[in-house]
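Descriptive analysis of the structure
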Protein chains: 2
Amino acid sequence: MDRDFFTERDSEAVVISRSGPKAEPRVKEIVDSLVRHLHAVVKEPEPTLDEWLAAISFLTRTGKLCTDWRQEFILLSDVLGISMLVETINNRKTSGETESTVLGPFHVAGAPHYDNGANICRDGKGTPLFVSGRVLDTEDKPIAGASLDVWQANDDGFYDVQQKGTQPDNNLRGIFTSDRDGRFHFRSAYPHYYPIPADGTAGDLLRALDRDQYRPAHIHFIVSAPGFRPVTTHLFTPDCPWLKKDAVFGVKQSLIADFRKSNDAVLAKALGVTAPFYEVAWDFILGRA
Amino acid sequence: MDRDFFTERDSEAVVISRSGPKAEPRVKEIVDSLVRHLHAVVKEPEPTLDEWLAAISFLTRTGKLCTDWRQEFILLSDVLGISMLVETINNRKTSGETESTVLGPFHVAGAPHYDNGANICRDGKGTPLFVSGRVLDTEDKPIAGASLDVWQANDDGFYDVQQKGTQPDNNLRGIFTSDRDGRFHFRSAYPHYYPIPADGTAGDLLRALDRDQYRPAHIHFIVSAPGFRPVTTHLFTPDCPWLKKDAVFGVKQSLIADFRKSNDAVLAKALGVTAPFYEVAWDFILGRA
């Protein structure tokens, strides 16, 4: 094959053959794969010159939307399922370990540390929730001293950092530690679904594809312990209408938890909440590092 | 297959299945192809989370570099061979029609109209060049009144619009018209190779891949006539050291012309140039619309 000059048939090979001997091997491996597949995308639907220009304009607008507090390319990666795929490939689980899902943009390093039992809901909105469980290794042995970094949106569907000045600081976020039996428990509010920011190019794409803009209700966790592999994950409520339509594909079946509603006023009092309330019990399983 | 929830194996199918019944069909066709291939790119080299973030940052910087006078995403498309592939797919040629190549960013609408024989080199730099030829249909019949929009870089490797205030306005660009026999001729300067702008992300990519940054010497043409399909193309000089290494893959073998050097002072005088000079004869073949 003559790769000196461009031909439609061998277009990928011509581009790939042009790298020199000092190419960075990992960059070349990734870009070669990208070139093969992007050329295939051109060869399949055969975009017109106007469609190609529209794609250039879409990418340019996406870049212009990015600021210190907004990352539209990550959002685009999210709604195309790329973020979830990269997360999953980098955290393949075996032996019953808790599965991972996307970190999302609303984690804050340095949330307050709390004793077990604390209530992280500072705005008083929503239905009370009691969360309890254990951190275990893959042989069902408790892990004492594990850290559980927890965060979630409030009953209006916003994280504290999206409503600075409106929500109390550190509303619905905090760090707990498992006790000698691997147990943890805390109080919060039943989570609510929410839309992703849809006023940019990612929103334009969702609308053009007639797709939904919502994330189903969930609570975020990063669970870690010395000697174990940490897990970044969510717990999903079982009855959210958006559970099977997550705009960013974060739901895995193994992460849907059994949140139960209760009207038991005596139990509520014992748990430090008011009826009606929800409770969920969940064990996190970590693999050895 | 259960497409309600994300799985690594069926990740593409889960994303594609999420479009609704009111999706714009052409957007869906193109984005579905893109999703299949981008997921394959993740599944082949399996980027780490840091590599994924580096890609997000690269795209963001590319967007930030775009201005009214610079389009880094087009440059990126160019160096990945995408632009050339889109151009080629949209202008497949049959029956000996002149092949197309990339338009490039330096065409200016509304260049001056000249009579045959005019000299478009206004800065006096470089070796004189005499260009002549015919515009023909695919049965070798002359096309009278065809328009030939011509532009090229100067002997320093810059287009007039890159050096406003330094080069004379409309240096090395103009529009000619074929005569009753389909013939055209004009004077110019022997073209020079030049580097593409390499101070942005496209340049970063070329360096990481140990690739060259040059475009081989060429003259741009858009040739059009009523009733015929126009062609956007280049003529390349045969001896340029970058001919087989065009950074944007614009060279097709059929577009390499026989530029000949001459020391014939008598011929030079007859052609309105000074020896030594180059001459090139080239026929453009247009297909019926």
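Cut-offs applied
Residues numbered from 1 in each chain as written. Chains lettered and ligands numbered in written order. Predicted model: local features only at pLDDT ≥ 70, side-chain atom pairs only at ≥ 80, totals over all residues. Least-squares fit on C-alpha atoms with pLDDT ≥ 70 in both. Contact = placed C-beta atoms within 7 Å. Domains from an automatic or database assignment. Helix = DSSP H or I, 4+ residues; strand = E, 2+ residues; numbered from the N terminus. Buried ≥ 20, exposed ≤ 12 C-beta atoms within 10 Å, placed from the backbone. Expected span 1.5 Å × (residues − 1). Pairing = 2+ DSSP bridges. Axes fitted to C-alpha atoms, helices over the stretch in contact; angles between N-to-C directions. Nonpolar A, V, L, I, M, F, W, Y, C, P; charged D, E, K, R; others polar. Parallel < 35°, antiparallel > 145°, perpendicular 65-115°, else oblique.

Now for the relation of the copies chain B and chain A. These two copies of the chain differ by a rotation about an axis and a displacement along the same axis. Superposing chain B onto chain A requires a rotation of 180° together with a translation of 0.0 Å along the rotation axis, leaving an RMSD of 0.1 Å. The superposition operator between the copies reduces to a two-fold rotation axis. Taking C-alpha positions as reference, the residue of chain B nearest the rotation axis is Gly63(B), located at 2.1 Å. By residue overlap, the copies meet face to face through one surface: 100% of the interface positions of chain B are interface positions in chain A.

The domain architecture assigned to chain A consists of domain 1 (11–65) and domain 2 (83–286). With centres defined by C-alpha atoms, the gap from domain 1 of chain A to domain 2 of chain A works out at 37 Å.

Residues and elements named next belong to chain A. Mapped onto the fold, Gly203 is located in helix α6 (residues 201–208). Note on Gly203: 19 C-beta atoms within 10 Å, which makes it partly exposed. If we ignore the near neighbours within four places in the chain, the residues touching Gly203 are Ala198 and Gln213.

With that settled, the discussion passes to helix α3 (residues 49–65) of chain B. Here α3(B) spans 24 Å end to end across 17 residues, near enough to the 24 Å set by a 1.5 Å rise per residue. Among all positions in α3(B), only Trp52(B), Leu59(B), Thr60(B), Thr62(B), Gly63(B) and Leu65(B) are buried. Buried residues belonging to α3(B) abut α3 (49–65), α4 (72–79) and α5 (82–89) of chain A together with α4 (72–79) and α6 (201–208) of chain B.

All names here are of chain B. As paired strands, strand β1 (residues 128–137) and strand β10 (residues 277–286) are joined by 9 bridges and run parallel to one another. Within the sheet, the bridge partner assigned to Phe130 lies in β10 and is Glu279. As paired elements, strand β9 (residues 260–262) and β10 share 3 bridges and run antiparallel to each other. Bridging across to β10, Lys261 finds its partner in Tyr278.

A few words now on the environment of Gly145(A). Residue and element names in this part refer to chain A. Note that Gly145 resides in the loop between β1 (128–137) and β2 (147–151). What makes Gly145 exposed here is the crowd of 12 C-beta atoms within 10 Å. Setting aside residues no more than four positions away along its own chain, Gly145 makes contact with Thr177, Ser178 and Ala225.

Let us look at the sheet that holds β2(A). Residues and elements named next belong to chain A. Strand order across the open sheet formed by 4 strands is β3-β2-β7-β8, with antiparallel pairing between neighbours. Looking at strand neighbours, the two that pair on one side only are β3 (173–177) and β8 (231–236), the edges of this open sheet. Here the strands of the sheet are splayed against their neighbours by 25° on average, with no regard to which way each runs. Relative to β8, strand β7 (residues 218–224) is paired through 6 bridges, and the arrangement is antiparallel. Across the sheet, the residue bridging to Ile222 is Thr232, located in β8.

Interfaces are often described in size by the accessible area the parts lose on coming together. Every contact between the two is made by 65 residues of chain B and, on the other side, 66 residues of chain A. Elements that contribute at least two residues to the side of chain B that touches chain A include exactly α1 (11–17), α2 (25–43), α3, α4 and α5 (82–89) of chain B. Looking at the side of chain B that touches chain A element by element, the count peaks at 14 residues for α2(B). Of the residues that constitute the side of chain B that touches chain A, the class distribution is 34 nonpolar, 16 polar and 15 charged.

Within the secondary structure layout, Gly110(B) lies in the loop between α5 and β1. Taking the C-alpha atoms as reference points, Gly110(B) and Arg18(B), 92 residues apart in sequence, are found 47 Å from one another.

Where α3(A) contacts α3(B), the two axes come as close as 7 Å, and the packing angle between them is 95°. By the criterion of interaxial angle, the relationship of α3(A) to α3(B) is roughly perpendicular. Judged by residue contacts, Leu59(A), Thr60(A), Thr62(A), Gly63(A) and Lys64(A) of α3(A) engage Leu59(B), Thr60(B), Thr62(B), Gly63(B) and Lys64(B) from α3(B). Here the residues of the contact of α3(A) with α3(B) are counted per class, giving 2 nonpolar, 6 polar and 2 charged.

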